[in-house]
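# Descriptive structure summary
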Amino acid sequence: MEDCDGMLQPVELQDFFITFFSAAMVILFGALYAMLFAWGRLHNRPRLVWWGYAAYAGLVAAVLTLADATHLTGLWTWLVVAMLVGYLVAPHAIWHLCQGTHAGMEDEEAAAGQGRASPVHPAQR
Amino acid sequence: MTRVGVLDSSNLTGGQRLAVKYFTVALVLFGAQILFGLLAGLQYLKPDFLYGVLDFNVNRMVHINAMVVWMLYGFLGSVYWLMEDEAQHPVVGLKLGEIAFWVLTLAVTVVVLVYLFVQYGPGDIKTIWFINEGREYIEAPRWADIGIVVVVLVFYFNVLATFIKGRFTGIGGVIVLDLFALAGLYLAGMFFTPNISIDQYWWWWVIHLWVEATWEVLVGAIMAWGLMKTLGVSRRIVQTWLYIEVALMFGSGILGLGHHYFWIGTPDYWFEIGGFFSALEPIPLVAMVVHSLYDAGKHHMKSSNHPALAWLIAHAFGNFLGAGVWGFMHTLPQINLYTHGTQWTPSHGHLAFFGAYATINIAFFYLAAQQWRGNVYMGAGIAGAWRWKWALTLLSVGVLGMTMALLIAGYEQSFIERAINGSTWAGYFEAQNHPWFQQAMWWRQIFGWVTAAGYLLLVWDLLAIGAGETRTATRVGHESEEAEAGAEAAPATA
């Protein structure tokens, strides 16, 4: 199909389903990766973290399929890069923020003599 | 003296009593939304049903307007509910707030009656002022628009003055700033230009920037307070996360506006801007997954109000699925070219509005019901717990069912009407008469009835839950919350 305005090439008819499906899988794999990553780190179960990375591999496949079906070339390549990097880094960044916010609290609670059990396994601190 | 298990307004503070009024109207309008949705759905199946009496365009308009207004009532009520607790000060100008509530409710009633009884006629400047402004979703005539602005200003005064006189917390600060943006953006929908592209450009400021920026942030602030109350999460943690969420929501949501500018005659660069930022919009939702797991690990889901917590969990999942997954599936312009304006949009809309906003309002209804009955016990083993569980199940299954049915209809429309037939009239009718579309509309109607059953059960449960219960609720994480609040209040009052 021709570019409709030189910048945008619409999805082909036969790629409709794959477009919807792969777009949904980008978000679902992103959440699955984040969930497995967080759960694995929380309970010190490295195997779950590795399953999380497997989910991220699924996300990579979904992003590349979506990029192919929706013709994400030229400037649009940056969107592919942003999705791949953003979803990889976000759970790590959020995890560090979680640890940071909770660590401050736990220190204060410990100092006040009312410390609660940390949700983070000692090996992960 | 607190009376446990009995609906008694003396159990509530002044702000909470006003909040309950807002919640009551919100619940009535929720029912109106469902009723008019069912009527409009029936008209898809039997186009001559109520034709000339209550036309489809009117049913659809009341269905959507009722939704927007009940959610706003829910948000206003939630802010009145939490304000005194958060600011540690009675609502400033409560009498004015009471008057504003009655003025708003009277205005909403008049506007709906005019919608129902004046359905035809040419549009001119008089109709813009007194009948219908003509903008989809915000059809209220101009007199009502001005009235809404006045009421919102009174509400804003209540909020700002209360937090200034009391304790200005992080949650309070976010609410004050967000309400300023919310009220200001409404002005963008109060004028028109003869150029439809320019007109739509500004109209989307109200629709998108309300829903995907200011509403999301307001809900974030309300949720933060709700998590402290139901799970006992530390104030410092919820506030830190609220700031992060505000940054992520505004960072992706404001320019995500671009996905509405693809096809209205705005410049081509909106394709890239809209596509890029729309792809970022689910990231805050994914971030919440990590954060909620972390906090769930810490608090082991011990809650003082099980129904409210269940609806907050439904909020987290519903927001992720409805706004995140359903939004991204059809947001890139390469596919949105075919899907916009088909049943894809209501498919996404039903799940996103229910998941992101209806759920959190219902959670607050339960918090109100608990306090109204003297902070009654609402934990495991309460009498009649099946009602709230079934209400949650029926409403969720009903909305999910409608979402799936509309998804199938939208897929068929984008395929047959748009892609194969090039958006022609012939294509439109071919798609409307296709068996997939027709069957999907029947399924939508069936799941609409399931939703209605869930609503009736919800109303029953809200009226009955905690009745006769003699135990009071255990407060969760109370000591540490108060200690933090005290520590934070010191500099504010110094």
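Helix and strand counts for chain A stand at three helices and zero strands. Order of helices (α) and strands (β) in chain A, N terminus to C terminus: α-α-α. Within chain A, the proportion of its 125 residues that are buried is 46%. The contacts in chain A between residues at least 6 apart in sequence include a share of 63% that link residues at least 24 apart. For chain A, the accessible surface area stands at approximately 6100 Å², while carbon and sulfur atoms represent 66% of it.

Our next topic: the confidence of the model for chain A. All names here are of chain A. The share of residues in chain A with pLDDT of 70 or more is 77%, and the mean pLDDT across the chain is 81. Across chain A, the secondary-structure element scoring lowest on mean pLDDT is helix H3 (residues 77-111), at 80, and the one scoring highest is helix H2 (residues 46-69), at 96. Confidence drops under a pLDDT of 50 for residues 114-125, and excluding neighbours within four residues, the segment shows 31 contacts in the predicted structure.

This paragraph deals with the environment of Gly 93 of chain B. Residues and elements named next belong to chain B. Positionally, Gly 93 belongs in the loop between helix H2 (56-87) and helix H3 (94-117). A C-alpha to C-alpha distance of 8.5 Å links Gly 93 and Thr 162, two positions 69 residues apart in sequence. Ignoring any residue separated from it by four or fewer positions in sequence, one finds Gly 93 in contact with Phe 157 and Asn 158.

Contacts between chain B and chain A engage 50 residues on the former and 52 residues on the latter. Of the roughly 4500 Å² buried at the junction of chain B and chain A (both faces included), carbon and sulfur atoms supply 80%. Across the chain B-chain A interface, the total number found is zero salt bridges. In this structure, the connection of chain B to chain A is made through three residue pairs in polar contact (both at pLDDT 80 or more). Listed by contribution, the elements that provide at least two residues to the side of chain B that touches chain A are helix H8 (235-256), helix H9 (269-280), helix H10 (282-299), helix H11 (306-329), helix H12 (333-339), helix H14 (385-420) and helix H17 (478-493) of chain B. Broken down by element, the residue count for the side of chain B that touches chain A peaks at 13 residues, all from H10 of chain B. Tallied by class, the residues present in the side of chain B that touches chain A amount to 30 nonpolar, 14 polar and six charged.

Below, the discussion takes up the packing of H3 of chain B against helix H5 (residues 142-165) of chain B. All names here are of chain B. It is at 9 Å that the axes of H3 and H5 come closest, and there the two elements cross at 155°. Taken together, the axis directions place H3 and H5 in an arrangement best described as roughly antiparallel. Crossing of H3 over H5 shows left-handed handedness. Contacts from Leu 94, Leu 96, Gly 97, Ala 100, Val 103, Leu 104, Ala 107, Val 110 and Val 111 in H3 reach Trp 143, Ala 144, Ile 148, Val 151, Val 154, Phe 157 and Asn 158 in H5. For the contact of H3 with H5, the residue count by class is 14 nonpolar, two polar and no charged.

Residue and element names in this part refer to chain B. Within the sequence span of helix H15 (residues 425-432), burial applies to Gly 427, Ala 431 and Gln 432. Considered in projection along H15, the buried side chains sweep an arc of 130° and stay on one side of the axis. Residues Trp 425 and Ala 426 are exposed on H15 and point more than 90 degrees away from its buried face. Next to the buried residues of H15 lie helix H1 (14-45), H14 and helix H16 (435-464).

Time to look at H3 of chain B. Residue and element names in this part refer to chain B. Here H3 contains 24 residues, and its C-alpha end-to-end distance of 35 Å stays within 8% of the 34 Å for a straight helix at 1.5 Å per residue. Regarding H3, the residues found buried are Gly 97, Glu 98, Ala 100, Phe 101, Leu 104, Thr 105, Ala 107, Val 108, Val 111, Val 114 and Tyr 115. The secondary structure elements touched by the buried residues of H3 are H1, H2, helix H4 (125-130) and H5.

For the rest of this paragraph, the subject is a nonpolar patch on the surface. A surface patch of nonpolar side chains, about 570 Å² in accessible area, is lined by Leu 75, Trp 78, Val 81, Val 85, Leu 88 and Val 89 of chain A. Checked against the element boundaries, Leu 88 of chain A lands in helix H3.

Counting 173 residues, the largest nonpolar core has Trp 210 and Trp 215 of chain B as the members making the most contacts within it. Counting twelve residues, the second-largest nonpolar core is a separate cluster that includes Leu 54, Val 62, Ala 66 and Ala 144 of chain B.

With that settled, consider the environment of Gly 324 of chain B. Secondary-structure assignment places Gly 324 of chain B in helix H11. For the pair Gly 324 of chain B and Ile 283 of chain B, spaced 41 residues apart in sequence, the C-alpha separation works out to 8.4 Å.

This paragraph deals with the confidence of the model for chain B. Considering every residue of chain B, the mean pLDDT works out to 89; 94% of them sit at 70 or more. When the criterion is pLDDT under 50, residues 478-494 of chain B qualifies, and its contacts beyond four places in sequence or with other chains add up to 17 contacts.

A full pass over the atoms with the stated rule returns 53 aromatic pairs over all chains. Ring centres of Phe 16 of chain A and Tyr 338 of chain B lie 4.9 Å apart, and the angle between their planes is 45°; this geometry places the pair in the tilted category. Here Phe 16 of chain A, found in helix H1 (residues 16-42), pairs with Tyr 338 of chain B, found in helix H12, and the two come from separate chains. Summarising the burial analysis for this pair, Phe 16 of chain A and Tyr 338 of chain B share the class buried. Taken together, a centroid distance of 5.2 Å and an interplanar angle of 80° make the contact between Phe 30 of chain B and Tyr 455 of chain B edge-to-face. Residue Phe 30 of chain B is located in helix H1, and its partner Tyr 455 of chain B is located in helix H16; the two are separated by 425 residues in the primary sequence. One aromatic cluster is present, built from ring pairs that chain together Phe 191, Tyr 201, Trp 202, Trp 205, Tyr 261, Tyr 269 and Trp 270 of chain B.

Residue and element names in this part refer to chain B. According to the stated counting rule, one finds nine salt bridges over all chains in the structure shown. A salt bridge links Asp 85 to Lys 229; the nearest nitrogen and oxygen atoms lie 3.2 Å apart. Pair noted here: Asp 85 is in helix H2 and Lys 229 is in helix H7 (residues 196-230), with a separation of 144 residues, a long-range link. Since its relative accessible area comes to 26%, Asp 85 is described here as partly exposed. When the shortest N-O distance is used, the salt bridge between Arg 235 and Glu 86 registers 2.6 Å. Taken together, the positions of Arg 235 in helix H8 and Glu 86 in helix H2 put the pair 149 residues apart, joining distant regions of the chain.

Okay, the side chain of Gln 33 of chain B next. With respect to the helices and strands, the residue Gln 33 of chain B is situated in helix H1. The contact partners of Gln 33 of chain B, leaving out residues within four places of it in the chain, are His 63, Ala 66, Met 67 and Trp 70 of chain B.

Glancing now at the side chain of Asn 305 of chain B. Residues and elements named next belong to chain B. Structurally, Asn 305 is set in the loop between H10 and H11. Engagement of the side chain of Asn 305 in a polar contact is seen with the backbone nitrogen of Ala 308, the distance being 3.0 Å. Within the structure, the side chain of Asn 305 is placed 2.9 Å from the side chain of Gln 370, a separation counted as a polar contact.

Moving on to the environment of Ser 252 of chain B. Residue and element names in this part refer to chain B. Position of Ser 252 among the secondary structure elements: in helix H8. A sequence separation of 238 residues divides Ser 252 from Gly 14, and the C-alpha atoms of the two residues are 38 Å apart. Residues contacting Ser 252, with those up to four places away along its chain left out, are Phe 277, Leu 280, Glu 281 and Pro 284. A distance of 2.9 Å separates the side chain of Ser 252 from the backbone oxygen of Leu 248, its partner in a polar contact.

What counts, and where the lines are drawn
- Residues numbered from 1 in each chain as written.
- Chains lettered and ligands numbered in written order.
- Predicted model: local features only at pLDDT ≥ 70, side-chain atom pairs only at ≥ 80, totals over all residues.
- Heavy atoms only, no water.
- Helix = DSSP H or I, 4+ residues; strand = E, 2+ residues; numbered from the N terminus.
- Buried < 20%, exposed > 50% of the residue type's maximum accessible area, 1.4 Å probe, protein only.
- Contact = heavy atoms within 4.5 Å.
- Areas by Shrake-Rupley, 256 points an atom, 1.4 Å probe, with all protein chains shown as cover.
- pLDDT = per-residue confidence, 0-100.
- Buried area = accessible area lost by both parts, 1.4 Å probe.
- Salt bridge = Lys/Arg side-chain N within 4 Å of Asp/Glu carboxyl O.
- Polar contact = N/O pair within 3.5 Å; in protein donor to acceptor, adjacent residues only side chain to side chain.
- Nonpolar A, V, L, I, M, F, W, Y, C, P; charged D, E, K, R; others polar.
- Axes fitted to C-alpha atoms, helices over the stretch in contact; angles between N-to-C directions.
- Parallel < 35°, antiparallel > 145°, perpendicular 65-115°, else oblique.
- Left-handed = near helix turned anticlockwise from the far one by under 90°.
- Arc of directions from axis to C-beta.
- Expected span 1.5 Å × (residues − 1).
- Patch = residues over 30% accessible without salt bridge, like charges linked within 9 Å, V, L, I, M, F, W, Y side chains within 5 Å.
- Core = buried A, V, L, I, M, F, W, Y, C linked by side-chain atoms within 4.5 Å.
- Phe/Tyr/Trp six-rings, centres within 6.5 Å; stacked < 30°, edge-to-face > 60°.

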